[in-house]
2 protein chains.
Amino acid sequence: MSTCDLCVVRNRAICSALDSDEIKALSAMGRKRDLSAGESLIWEGEDSVLVANVVDGVLKLSTNTEDGREQIVGVVYPSDFIGRPFGGTTGHGVTALTDSRVCVFSRRDFDNFAAEHPGLERKLLQRTLAELDRTRRWMLLLGRLSASEKVASFLLEMSERLVEPGCATDEPGAKRAFVLPFSRQQIADVLGLTIETVSRQFTRLRNAGVIDLPSRREVVIRDPDALSAEAG
Amino acid sequence: MSTCDLCVVRNRAICSALDSDEIKALSAMGRKRDLSAGESLIWEGEDSVLVANVVDGVLKLSTNTEDGREQIVGVVYPSDFIGRPFGGTTGHGVTALTDSRVCVFSRRDFDNFAAEHPGLERKLLQRTLAELDRTRRWMLLLGRLSASEKVASFLLEMSERLVEPGCATDEPGAKRAFVLPFSRQQIADVLGLTIETVSRQFTRLRNAGVIDLPSRREVVIRDPDALSAEAG
DNA sequence: CGTCCCGTTGAGGGTGCTCAAATTACGTGG
DNA sequence: CCACGTAATTTGAGCACCCTCAACGGGACG
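On a predicted model such as this, the values are computed, not experimentally measured, just so you know.

### What to know about the packing of aromatic side chains
- Under the definition given, this model contains 6 aromatic pairs over all chains.
- Pairing B:Phe81 with B:Phe110 gives two aromatic rings, centres 5.4 Å apart and planes at 40°, and the pair type is tilted. Note that B:Phe81 is positioned in strand 6 (residues 81-82) and B:Phe110 in helix 2 (residues 107-115), a separation of 29 residues in sequence.
- Within the aromatic cluster, the residues linked to one another by ring pairs are A:Phe81, A:Phe105 and A:Phe110.
- For the cation-ring pair, A:Arg184 lies above A:Phe202, with the distance from its terminal atom to the ring centre recorded as 4.4 Å.

### Concerning the protein's contact with DNA strand D
- DNA strand D sits among 17 residues. The nearest are A:Ala147, A:Glu196, A:Thr197, B:Ser199 and B:Thr203.
- Counting only the atoms of DNA strand D within 4 Å of the protein, the fraction contributed by sugar and phosphate is 61%.
- In this structure, a phosphate oxygen belonging to DNA strand D sits 3.1 Å away from a side-chain N or O atom of A:Thr194.
- Within the side chain of A:Thr197, an N or O atom sits 2.4 Å from a phosphate oxygen of DNA strand D.
- Those elements giving two or more residues to the surface near DNA strand D turn out to be helix 6 (195-207) of chain A together with helix 5 (184-191) and helix 6 (195-207) of chain B.
- Tallying contributions element by element places helix 6 of chain B first for the surface near DNA strand D, with 4 residues.
- A class-by-class count of the residues in the surface near DNA strand D yields 2 nonpolar, 8 polar and 7 charged.

### Points about the pattern of salt bridges
- Evaluation of the coordinates by the stated rule reveals 30 salt bridges over all chains.
- Counted as one network, the salt bridges with shared partners bring together A:Asp67, A:Arg69 and B:Glu149.

Conventions we followed
Residues numbered from 1 in each chain as written. Chains lettered and ligands numbered in written order. Predicted model: local features only at pLDDT ≥ 70, side-chain atom pairs only at ≥ 80, totals over all residues. Heavy atoms only, no water. Phe/Tyr/Trp six-rings, centres within 6.5 Å; stacked < 30°, edge-to-face > 60°. Helix = DSSP H or I, 4+ residues; strand = E, 2+ residues; numbered from the N terminus. Lys NZ or Arg CZ within 6 Å of the ring centre and 35° of its normal. Near = heavy atom within 4 Å. Polar contact = N/O pair within 3.5 Å; in protein donor to acceptor, adjacent residues only side chain to side chain. Nonpolar A, V, L, I, M, F, W, Y, C, P; charged D, E, K, R; others polar. Salt bridge = Lys/Arg side-chain N within 4 Å of Asp/Glu carboxyl O.

Written out as structure tokens, the structure reads:
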């Protein structure tokens, strides 16, 4: 029994395409790595040397303009795949937003392994297609939504991603609470806004009684319907 | 010898992963279809019933907000793949920008065929990863660039995509001419701007001597370096 | 208790949007 | 081939939204 059998994402990550023997072979190639919040795993523009699975934590994918503006182009959660198989250069950096744990492989090793395990490539294809869909929906937000619509949409997506299941909040209209893995600046970098605009939208929603902000990172959605209405 | 052997994208589309016999089997499942400019192949939100390869022409992938704002989230050219394998709903419509010809398959048939041909899935994975990279770079444009930077970047990408090779314009700094497959409104929908802003940026660049606009759809880049400088 | 960092709040200005009109291409029919 | 009608594009004026710059507040940590 390999250590992978104990892995919390064993049955959700692309590893689920593999049986026990295959997992053993794959795990022999990889290693666990812990990242502190703020630490980068991959830098923009470098050759693709490694790929990874997220075991725990939240990480951002981000690109920058030459003069330092940043845009977060993706956010990955446990069981998500990181990196660029088939070589080339990575177009975006990968940085931990929270303390994280990832399962890292040499890109070359992974490519070779995947080539021999079509089931793994198939799983990866499914994930990549889903990620592409999500990214394209995000483009509509960036290109066509107003600041208030962006923030409302963001909070709704966060609540779907982060609210602990079974908080007796399954019925529509119930409160939802979660802890943001983002700073205000990072939210701005996700939405294509400035930190001030994000802050103002947050306080506006708080004053309107739509949300509560118990602390900087905590959000309580008091009126999901109102938020949905704002999201357009 | 199947008709595919004569196909102009035979060696560039995902079909290149298949040998002559396999192509014959695949082509038995598919059929050619011609689209006029403006005609849609797939509508946003419908179940994924078909996939296709672009043989000729340019098509847009687009989503709309409820109140009618549009964002073009992708543009596909000959040899590109269209559609959402593995079922689900398509998050964006597919519409021909120019008169086009595509090679269409039932999504279900294609899925089954691909499951038996890992080489095809691998090719599709490579394409999807490349498309994801391109889409993420586009997010930086939508979220962080100014109108002038957006338009300059757009013109540069168009010139790379559309300039006929061998126009004696290989040396940097040389003029490049091409015909846009987009109307002004569509350019606005690509860049997340309004038609008026796009138009003003075009005339500004023309007045600055950076580009020429012989007709509505034609563009000549007179000073590529200046354009690059504006793109950031 | 002081410092630092992050977030909030305020004032003001600029970019890009809205609304409206003029102008130019382009297809159609005479 | 020209005249016309329609649609696309350009241009203009004014304004709204969001950004910029700046100061303030508050929590975390030493």
